[in-house]
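Summary of the model geometry
Residue strings, one per chain:
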Amino acid sequence: MSNVFYMPPVTLMGPNAIQSLGAELASKELKKALIVTDGVLVEVGLVSKLTDELKAHNLDFVIYDGVQPNPTEKNIEDGLALLAQSNADFVISFGGGSSHDTAKGIALVAANGGHIRDYSKGVHLSKKPQLPLVTVNTTAGTASEMTVFAIITNQEDETKYPVVDKHFTPIIAVNDSELMVAMPKFLTATTGMDALTHAVEAYVSTAATPITDASAIKAIELIVNNLEAVVNNGQDRAARDAMQYGEYLAGMAFSNASLGYVHSMAHQLGGVYDLSHGLCNAILLAEVSRFNAKQVPERFVDIAKAMGIDTAAMTQEQAVNAALEAIDALSEKVGTKQRLTDLGVTEDKLAFMAQNALNDACSLTNPRQASLEEIVNIFKARM
């Protein structure tokens, strides 16, 4: 069976990478950008790193700063309205996954018409390339700056759904670790655990390939070896740089191998309770992995080795359990090992969320298929 591998044609990586963006854009005859970001990044002055670079290369811009932590359909609609009003000819996202996902929705619908929900009923449904998109990343977690995924919330029916489209791939992605130095401790932790989840789920996915396997395993190594350090000291430049490479590699893996039940379940927690996506992944990862390990134990042995566990004298079962314990231990060290009940999750919503999780596109590539009751029980195990 043949496979297709999607990633940006150009990615600028490393400290002060944003200082190379203006020259890249100037060569593309683009004139005016719609910058998609959130109000906090504007308020703290981080967006000025981007706008100063645009001004230096005589590029005009307008800012949409209404992005929410779990981006909504309305965020996309509001951005589309400003795009049309301003006559911008390309889009730049600045921030983490919420900014990137909103910008993707704006750029795709601007070029193809309709509503973002129209593109969630399958994969790669758009007919035309989106408006040129540039992504400037400020977190080491979602990898949305380079993937074919966007996650959108429908506030009317409390659902959160993925849109998977090859045209989401940006023309330029920027991962500048200096933009991540000021990231708060808890956000560093949750986005880091999100990246680890991407790598683990991609590695055990039914759509995994040797390319995604290599990306996922190296991502696990980098994240496990650097996340705790950068949570404890956000100014640790070496750890910040390593984390941006780890999250990017995890993105390369899951953008092409897809994900599994951790994400499909986390999407529902975000849709119903508006919870942090990375935190939900962190809470669910070990428990879903325990369920999946019954189907692909050999894959979790590899994960154990990537996490630095010496498995030479272990049985397969011992190595699998060591990997699961290490995932939970890392989550506890960085402050994301929490209970769903402490976050306001109640049992009366579990069946509703479980059914929506099974309908989520990410569930298709989970290595072990579950019943509704089994998904409910996984939720309950983390209550």
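Residues numbered from 1 in each chain as written. Predicted model: local features only at pLDDT ≥ 70, side-chain atom pairs only at ≥ 80, totals over all residues. Heavy atoms only, no water.

In the nomenclature of an unreviewed UniProt entry, the chain corresponds to Alcohol dehydrogenase 2 from the organism Photobacterium andalusiense. Per its UniProt entry, the chain bears the Cofactor (unreviewed entry) comment "Fe cation". Its UniProt record gives the chain the following Sequence similarities (unreviewed entry) comment, quoted word for word: "Belongs to the iron-containing alcohol dehydrogenase family." (UniProt positions renumbered as here; feature names shortened; annotations may be inferred.)

Some thoughts on helix 10 (residues 277–293)
An α-helical turn contains 3.6 residues, so a residue and the one three or four places further along point in the same direction. Between the first and last C-alpha of helix 10 there are 23 Å, a value that for 17 residues agrees with the 24 Å anticipated at 1.5 Å per step. The largest bend in helix 10 amounts to roughly 40 degrees and is located at Leu284. Counting buried positions along helix 10 yields 16 of 17 residues, so the element is predominantly enclosed. (Helix = DSSP H or I, 4+ residues; strand = E, 2+ residues; numbered from the N terminus. Expected span 1.5 Å × (residues − 1). Bend = angle between axes of the 7 residues up to and from the residue. Buried < 20%, exposed > 50% of the residue type's maximum accessible area, 1.4 Å probe, protein only.)

Some words on the domain arrangement of the chain
In terms of domains, the chain is made up of domain 1 (10–179) and domain 2 (185–234 + 256–381). Each of domain 1 and domain 2 has a C-alpha centre, and the two are 26 Å apart. Counting residues at the interface gives 12 residues for domain 1 and 21 residues for domain 2. Three residues, Asn70, Glu158 and Lys160, lead the burial of domain 1 against domain 2; their summed loss comes to 41% of the area buried on that side. Scanning the region where domain 1 abuts domain 2 turns up one salt bridge. For the interface between domain 1 and domain 2, the tally reads four residue pairs in polar contact (both at pLDDT 80 or more). If you list the elements that add at least two residues to the side of domain 1 that touches domain 2, you get strand 6 (149–154) and strand 7 (159–164). Ranked by residues supplied to the side of domain 1 that touches domain 2, first place goes to strand 7 with three residues. Looking at the side of domain 1 that touches domain 2 residue by residue, the classes come out as four nonpolar, five polar and three charged. (Domains from an automatic or database assignment. Contact = heavy atoms within 4.5 Å. Buried area = accessible area lost by both parts, 1.4 Å probe. Salt bridge = Lys/Arg side-chain N within 4 Å of Asp/Glu carboxyl O. Polar contact = N/O pair within 3.5 Å; in protein donor to acceptor, adjacent residues only side chain to side chain. Nonpolar A, V, L, I, M, F, W, Y, C, P; charged D, E, K, R; others polar.)

As for the sheet that holds strand 5 (residues 133–137)
Pairing within the open sheet is parallel, and its six strands lie in the order 1-8-5-4-2-3. A strand with exactly one partner marks an edge of an open sheet, and here the two such strands are strand 1 (11–13) and strand 3 (60–64). Pairs of neighbouring strands in the sheet enclose a mean axial angle of 15 degrees, with direction left out of account. In the sheet, strand 2 (residues 32–36) pairs with strand 3 via five bridges, with the strands oriented parallel. Bridge pairing in strand 3 places Ile35 opposite Ile63. Packed onto the sheet, helix 8 (residues 237–257) meets strand 1, strand 5 and strand 8 (172–175) and runs at close to 155 degrees relative to strand 1. (Pairing = 2+ DSSP bridges. Axes fitted to C-alpha atoms, helices over the stretch in contact; angles between N-to-C directions.)

Observations regarding the UniProt feature "domain: Alcohol dehydrogenase iron-type/glycerol dehydrogenase GldA" (unreviewed entry) in the chain
The UniProt record annotates "domain: Alcohol dehydrogenase iron-type/glycerol dehydrogenase GldA" (unreviewed entry) at residues 8–176. Span residues 8–176 is 30% helix and 24% strand, its end C-alpha atoms 16 Å apart.

Focus: the UniProt feature "domain: Fe-containing alcohol dehydrogenase-like C-terminal" (unreviewed entry) in the chain
Per the UniProt annotation, the sites labelled "domain: Fe-containing alcohol dehydrogenase-like C-terminal" (unreviewed entry) are residues 188–382. Its end C-alpha atoms 22 Å apart, residues 188–382 is made of 72% helix and 0% strand.

A closer look at the packing of aromatic side chains
As enumerated under the stated definition, the model contains two aromatic pairs in all. Ring geometry for Phe149 and Phe254: centres 5.3 Å apart, planes at 55 degrees, overall tilted. Of this pair, Phe149 sits in strand 6 while Phe254 sits in helix 8; the two residues are 105 residues apart in sequence, bridging distant segments of the chain. Comparing Phe149 with Phe254, the two get one shared label, buried. An angle of 50 degrees between the planes, with centres 6.3 Å apart, marks the rings of Tyr261 and Phe291 as tilted. With a gap of 30 residues between them, Tyr261 in helix 9 (residues 261–273) and Phe291 in helix 10 connect regions that are remote in the sequence. For Tyr261, a relative accessible area of 0% gives the class buried. Over the face of the ring belonging to Phe291 we find Arg368, whose NZ or CZ atom lies 3.9 Å from the ring centre. (Phe/Tyr/Trp six-rings, centres within 6.5 Å; stacked < 30°, edge-to-face > 60°. Lys NZ or Arg CZ within 6 Å of the ring centre and 35° of its normal.)

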